[in-house]
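# Summary of the model geometry
Listed below are the residues making up each chain.
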Amino acid sequence: MIYILEDDPSISKLLEYTLTSNGYEVEAFLTPSAFWKGFEAVVPDLVLLDIMLPEQSGLEVLKRIRALSCDVRVVMLTAKGTEYDKVVGLDLGADDYIAKPFGMMELLARIKAVLRRGAVPGRTSGGVLEIGDIRLDEREHVVRVKGRELTMTLKEYELLRLLMHNEGACISRDDILQKVWGYAYVGETRTVDVHIRRIREKLGESGSMIQTVSGVGYKLKNEIE
């Protein structure tokens, strides 16, 4: 199920038609109050969320979604092109963003990439990765530090999992984008930096094991800097 929260009726109808025509189950809302009523009844798999909304901003809606559920994927729709709006959205836990005007084919590609992450490859692999105080259980899809379970978004989990599977090896930002996001973000490696910062914060002292390789990318090494 995909929810659309967009207050422009013409855009909302176009999105609903495009997604329905491509086999998705869709419900569209013009206001946050209507959206939350739908959310209480059925939690969607993905939300297409406009930033500029009546009643409350899309960023406020996103913040509440993340407080209620980390498993709902969120793609921000915005006419704003500033880096600030992009970074704030990502920092609050958005899975992706796309600036208006955008093509329907591009939007569909982004939605498919985000939804592919919902299955979380490796969840059934039965592996347990343990480096220092960090323990990532692929069977439970859980990350713990010193026994304390962390709340992580899907992207944060997959990015950390990628680093742990490649302990000690430097992974470039472009490779991280390709492996975690599923396609190239041309010129948007800032996305990786934002999520690395969030992961480090959640890992606490163990976050220092994620090291920055200047001009290249990141690696996870079993030592505290």
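## Looking at the pattern of salt bridges
On inspection of all chains with the given rule, the structure shows 14 salt bridges. The salt bridge involving D50 is made with K100; its shortest N-O contact spans 3.2 Å. One end of the pair, D50, is in strand β3 (residues 46-50); the other, K100, is in the loop between β5 (96-99) and α5 (104-116), and 50 residues separate them in sequence. Here K100 falls in the partly exposed class, since its relative accessible area comes to 22%. Across the salt bridge formed by D193 and R173, the nearest N and O atoms sit 2.8 Å from each other. Taken together, the residues D193 in helix α8 (residues 190-203) and R173 in helix α7 (residues 173-181) connect sequence positions 20 residues apart. The exposure class of D193 is buried, given its relative accessible area of 19%. Salt bridges linked by common partners bring E6, D50 and K100 together as one network.

## Notes on α7
Among the residues of α7, R173, I176, L177, V180 and W181 are the ones counted as buried. The buried residues of α7 occupy one face: seen down the axis, they fall within an arc of 100°. Residues of α7 that are exposed and point over 90 degrees away from its buried face: D174 and K179. Packing partners of the buried residues in α7 comprise α5, α6 (154-165), β10 (171-172), α8, β11 (210-213) and β12 (217-220).

## Points about the side chain of T18
Locating T18 in the fold gives a position in helix α1 (residues 9-21). Judged by relative accessible area, which is 11%, T18 ranks as buried. Here L14 takes part through its backbone oxygen, which lies 2.9 Å from a polar atom of the side chain of T18. T18 has contacts with M104 and L108, leaving out every residue within four places of it along the chain.

## Details of α5
For α5, built from 13 residues, the straight-helix expectation of 18 Å at 1.5 Å per residue is met to within 8% by its first-to-last C-alpha distance of 18 Å. Residues of α5 that are buried: L107, L108, R110, I111, A113 and V114. Where α5 is buried, its residues contact β1 (2-5), α1, β3, β4 (73-78), β5 and α7.

## Points about the sheet that holds strand β2 (residues 26-29)
Each strand in a sheet pairs with another by means of backbone hydrogen bonds, the pair being arranged parallel or else antiparallel. Taken in spatial order, the 5 strands of this open sheet run β2-β1-β3-β4-β5, and their pairing is parallel. Each edge of the open sheet is held by one strand with a lone partner, namely β2 and β5. Averaged over all pairs of adjacent strands, the angle between strand axes in this sheet comes to 15°, irrespective of strand direction. Here β1 pairs with β3 via 4 bridges, running parallel. In the sheet register, L5 faces β3, and the bridge partner there is L49.

Reading the values: the criteria
- Residues numbered from 1 in each chain as written.
- Predicted model: local features only at pLDDT ≥ 70, side-chain atom pairs only at ≥ 80, totals over all residues.
- Heavy atoms only, no water.
- Salt bridge = Lys/Arg side-chain N within 4 Å of Asp/Glu carboxyl O.
- Helix = DSSP H or I, 4+ residues; strand = E, 2+ residues; numbered from the N terminus.
- Buried < 20%, exposed > 50% of the residue type's maximum accessible area, 1.4 Å probe, protein only.
- Arc of directions from axis to C-beta.
- Contact = heavy atoms within 4.5 Å.
- Polar contact = N/O pair within 3.5 Å; in protein donor to acceptor, adjacent residues only side chain to side chain.
- Expected span 1.5 Å × (residues − 1).
- Pairing = 2+ DSSP bridges.
- Axes fitted to C-alpha atoms, helices over the stretch in contact; angles between N-to-C directions.

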